[in-house]
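In case you want the letters, here they are:
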Amino acid sequence: MSSASKQPDDELIIVARAVRTRGLKGELVADVLTDFPSRFESLKHLFGVAPGGERKQLELESYWFQNARMVLKFSGYDSIDSAKSLVGYEFGVPERERVELAKDEYYDWELQGCLVEDKLGGAIGTVREILRTGGVELLVVENEQRREYLIPMAAPIVTEIDISRKRILVDPPEGLLEL
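Since we're looking at a predicted model, the values are computed, not measured.

Trainee: Can you explain the pattern of salt bridges? Please cite residues and give values.
Mentor: All told, the structure shown has 17 salt bridges when counted by the stated rule. Note that Arg69 is salt-bridged to Asp31, the shortest N-O span being 2.7 Å. Note that Arg69 is positioned in strand 6 (residues 69-74) and Asp31 in strand 3 (residues 27-32), a separation of 38 residues in sequence. Across the salt bridge formed by Glu142 and Arg146, the nearest N and O atoms sit 3.3 Å from each other. A relative accessible area of 16% places Glu142 in the buried class. With relative accessibility at 63%, the residue Arg146 sits in the exposed group. Sharing partners across several salt bridges, the network here consists of Arg128, Glu129, Glu142, Arg146 and Glu148.

This is the structure in structure tokens:
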């Protein structure tokens, strides 16, 4: 069924989450959690992550898209009962296998946890998440007192992003941090 010994050397990028079984042959309906669903064309294995954090390598036998979700079929999971054991699992690929983005584009997980500082070096807080509003994306930044700031990811405001140092430099317009 799986190999618990073949663990990825780095962090995983979660690309799908099993929500329920489908049919009688061990298929799973999954939410698609990647902006690059075409990546499944070349995937032969995924790492399954149980709700408790345990990981196992799974061989992807087949997949197809169905409405806004996808159906996954893993080798060795050939019945509804065996597939039920994977409901709630997240499926990922090693970070080193991520789709490369263009310069100045970042994955949410790369920005999350970054320290945000103003142009004078004063700490504003840490990026908790990225908020998509249909316009400019917003950095949701939280400080130690749990105060939240919404900082637009616009070029005049976000002046530098250094993923390797987990640091984002901003030049907020007057009043932005008082909102």
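Having seen it, we continue.
Trainee: Just give me the short version of the side chain of Lys73, but keep the residues and values in it.
Mentor: As for its placement among the helices and strands, Lys73 is situated in strand 6. The class for Lys73 is buried, based on a relative accessible area of 6%. Beyond its immediate chain neighbours, meaning those up to four positions away, Lys73 contacts Lys25, Gly26, Glu27, Glu59, Leu60, Glu61, Ser62 and Asp78.

Trainee: How would you explain unusual backbone geometry if you had to name every residue and give the values?
Mentor: At Asp104, a position not held by glycine, the phi torsion is positive, near 70°. Tracing the backbone through its elements, the reader meets Asp104 in the loop between strand 7 (90-94) and helix 2 (108-111). Taking relative accessible area as the criterion, Asp104 reaches 58% and is therefore assigned exposed. Residue Arg146 is not a glycine yet carries a positive backbone phi of 70°. Secondary-structure assignment places Arg146 in the loop between strand 10 (138-142) and strand 11 (148-152).

Trainee: Account for the environment of Phe40, with residues named and values stated.
Mentor: Within the secondary structure, Phe40 sits in the loop between strand 3 and strand 4 (45-49). The sequence separation of Phe40 and Ser62 amounts to 22 residues, and the corresponding C-alpha distance is 9.4 Å. Other than its neighbours up to four places away in sequence, Phe40 contacts Val15, Ala16, Thr34, Leu46, Leu60, Tyr63, Phe65, Met70 and Leu72.

Trainee: Outline the environment of Asp81, supporting the account with residue identities and numerical values.
Mentor: Along the chain, Asp81 turns up in helix 1 (residues 80-84). Of the residues examined, Asp81 reaches a relative accessible area of 57% and is grouped as exposed. Sequence spacing of Asp81 and Lys25 is 56 residues, and the spatial spacing of their C-alpha atoms is 9.4 Å.

Trainee: So what's going on with the packing of aromatic side chains? Residues and values would help.
Mentor: Applying the stated rule across the entire model yields six aromatic pairs. A network of ring pairs unites the aromatic residues Phe36, Tyr107 and Trp109 as a single cluster.

Trainee: Mind laying out the sheet that holds strand 8 (residues 115-118), listing which residues take part and the relevant values?
Mentor: Spatially, six strands are ordered 11-10-9-8-13-12 in an open sheet, and the strand pairing comes out mixed. What marks the edges here is a single partner per strand, and that holds for strand 11 and strand 12 (158-162). Put simply, the sheet's adjacent strands are angled 35° from each other on average, direction ignored. As paired elements, strand 8 and strand 9 (residues 123-131) share three bridges and run antiparallel to each other. Paired with Val116 across the strands is Gly125, a residue of strand 9.

What counts, and where the lines are drawn
- Residues numbered from 1 in each chain as written.
- Predicted model: local features only at pLDDT ≥ 70, side-chain atom pairs only at ≥ 80, totals over all residues.
- Heavy atoms only, no water.
- Salt bridge = Lys/Arg side-chain N within 4 Å of Asp/Glu carboxyl O.
- Helix = DSSP H or I, 4+ residues; strand = E, 2+ residues; numbered from the N terminus.
- Buried < 20%, exposed > 50% of the residue type's maximum accessible area, 1.4 Å probe, protein only.
- Contact = heavy atoms within 4.5 Å.
- Phe/Tyr/Trp six-rings, centres within 6.5 Å; stacked < 30°, edge-to-face > 60°.
- Pairing = 2+ DSSP bridges.
- Axes fitted to C-alpha atoms, helices over the stretch in contact; angles between N-to-C directions.

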